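Secondary and tertiary structure notes
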Amino acid sequence: TIDFNPKALFYSLSAGSHERSHITSHVARSPRMVFLGLPFNIASYAALLHMIGHVTSYAPGDLILNLGDTHLQMGNPHLALPLAEEAVRGCRLLHGDDHESTLTALDIMSDVHCKSKDYEKAESLAREVFAARKRVHGESNRDSLASMSQVAFICFESGDNAPALEPVSYTH
């Protein structure tokens, strides 16, 4: 993961295998930055993907933008859900279940369900992300801890405080 754009929440580059010698980019944008010129930013991300591909000798591949959170922050969760679902499908197809792009897309989809007050689905997705990040990064990793916090937040929002207060054991 490369985070060199402060306006992007997440920027990931993935190189294909020797059979698929291309580079793919996944960007999750901050909804607060959309008004600054989303079409220009999309063109910039595409140009950046081409430049990195040229320097690394990989052909430019897919540019995946996750904009579902934009509808969510604007109070339109019903418009955000199809976009979030498509982002998850695309990330799973391109990167697999445990890749950070997929986990970020699942995290956003969990947030969409939470904002829609579908707490059961939101908690299920958040727990899936937490389990994957623990498996990939370990329990003490900052992303794992953030995912644990997200599960607790959803439980709190739903009024079910007991799971939110469960102690978590750490092994070092």
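Residues numbered from 1 in each chain as written. Predicted model: local features only at pLDDT ≥ 70, side-chain atom pairs only at ≥ 80, totals over all residues. Heavy atoms only, no water.

1. Things to note about the overall build of the protein chain
Rule in force here: By the criteria applied, helices consist of DSSP H or I runs no shorter than four residues and strands consist of E runs no shorter than two, each listed in order from the N terminus. When a residue's accessible area, from a 1.4 Å probe over protein chains only, is under 20% of the maximum for its type it is buried; when over 50% it is exposed; and in between it is partly exposed. Whether two residues are in contact is decided by their heavy atoms, any of which lying within 4.5 Å being enough. For accessible areas, the Shrake-Rupley method is used with a probe of radius 1.4 Å. Any residue's cover is judged against the shown protein chains and nothing else.
Within the protein chain, the secondary structure is distributed over 7 helices and 3 strands. Among the 172 residues that make up the protein chain, the fraction classed as buried is 39%. By sequence separation, contacts in the protein chain at least 24 residues apart represent 55% of the contacts at least 6 residues apart. Only carbon and sulfur atoms are counted for the fraction: they give 57% of the accessible area of the protein chain, which is about 9,500 Å².

2. Observations concerning the confidence of the model for the protein chain
So the rule is basically this: Every residue carries a pLDDT, the predictor's confidence in it, which falls somewhere between 0 and 100.
Scored by pLDDT, the protein chain has a mean of 77; 69% of the residues are at 70 or more. In the predicted structure, residues 1-8 sits below a pLDDT of 50 and forms 15 contacts with residues beyond four places in sequence or in another chain.

3. Let's talk about the pattern of salt bridges
We count it as follows: Any carboxyl oxygen of Asp or Glu within 4 Å of a side-chain nitrogen of Lys or Arg constitutes a salt bridge here.
Inspection of the entire model under this criterion finds 8 salt bridges. For Asp98, the salt bridge goes to Arg135, with nearest N and O atoms at 2.7 Å. Within this pair, whereas Asp98 is found in the loop between α3 (77-95) and α4 (100-115), its partner Arg135 is found in helix α5 (residues 119-137), the two being separated by 37 residues in sequence. The salt bridge partner of Arg127 is Glu123, with a shortest N-O separation of 2.8 Å. One end of the pair, Arg127, and the other, Glu123, are both in helix α5, 4 residues apart, so they sit about a helical turn from each other. Sharing partners across several salt bridges, the network here consists of Arg92, Asp97 and Glu128.

4. Concerning the packing of aromatic side chains
Condition: In this scheme Phe, Tyr and Trp rings, the latter by its six-membered ring, pair at centre separations within 6.5 Å, and the angle between planes marks the pair as stacked below 30 degrees, edge-to-face above 60, and tilted otherwise. As a reminder, the over-ring test applies to NZ of lysine and CZ of arginine, requiring each to be within 6 Å of the ring centre and within 35 degrees of the ring normal.
Using the criterion set out here, one finds 0 aromatic pairs in the structure. The ring of Phe130 carries Lys134 above its face, with NZ or CZ at 4.7 Å from the centroid.

5. Remarks on the nonpolar core
For soluble globular proteins, the rule of thumb is that nonpolar side chains tend to be buried together. To keep things clear, this is the line we draw: By nonpolar core is meant a set of buried Ala, Val, Leu, Ile, Met, Phe, Trp, Tyr and Cys residues that side-chain atoms within 4.5 Å join together.
Of all hydrophobic cores here, the largest spans 13 residues; its most connected members are Val88, Leu103, Ala105, Leu106 and Met109. In contact with Val88, not counting residues within four places along its chain, are Ala105, Leu106 and Met109. Counting residues in each nonpolar core, the second largest holds 8 residues, with Cys114, Tyr119, Ala122 and Phe130 among its members.

6. Notes on helix α6 (residues 142-158)
Along an α-helix, residues three or four apart share an orientation, since each turn contains 3.6 residues. Applied cut-off: A helix is expected to span 1.5 Å for every residue after the first.
For α6, spanning 17 residues, the distance from its first C-alpha to its last is 24 Å, which sits close to the expected 24 Å at 1.5 Å a residue. Positive phi shows up at Gly159, right after α6, with a value of about 90°.

7. Remarks on the packing of α5 against α6
The cut-off we apply is this: Angles here are taken between N-to-C directions and fall from 0 to 180 degrees, while the axes themselves are lines fitted to C-alpha atoms, restricted in helices to the stretch in contact. Oblique is the label for every angle not falling under 35 degrees (roughly parallel), over 145 degrees (roughly antiparallel), or within 65 to 115 degrees (roughly perpendicular). Crossing handedness follows the turn of the near helix against the far one: under a right angle anticlockwise gives a left-handed crossing, and clockwise gives a right-handed one.
Look at α5 against α6: their axes get within 8 Å of each other, and the N-to-C directions meet at 165°. As judged from the angle between their axes, α5 and α6 are roughly antiparallel. Seen from above, α5 lies across α6 with left-handed handedness. Residue-level contacts link Tyr119, Ala122, Glu123, Ala126, Arg127, Val129, Phe130, Arg133, Lys134 and His137 of α5 to Asp143, Ser144, Ser147, Met148, Gln150, Val151, Ile154, Cys155, Glu157 and Ser158 of α6.

8. A short note on unusual backbone geometry
One can expect most non-glycine residues to show negative phi and most peptide bonds to be in trans. A positive phi angle is found at Ser57, which is not glycine, with a value near 70°. Along the chain, Ser57 falls in the loop between α1 (38-56) and β3 (59-66). On the basis of relative accessibility, which here comes to 67%, the residue Ser57 falls in the exposed class. Despite not being glycine, Lys117 shows a phi value in the positive range, around 65°. By the element assignment, Lys117 lies in the loop between α4 and α5.

9. Topic: α4
For α4, built from 16 residues, the straight-helix expectation of 22 Å at 1.5 Å per residue is met to within 8% by its first-to-last C-alpha distance of 22 Å. For α4, the tally of buried residues reaches 14 of 16 residues, placing the bulk of the element in the interior. Directly beyond the C-terminal end of α4, a positive phi value near 65° is found at Lys117.

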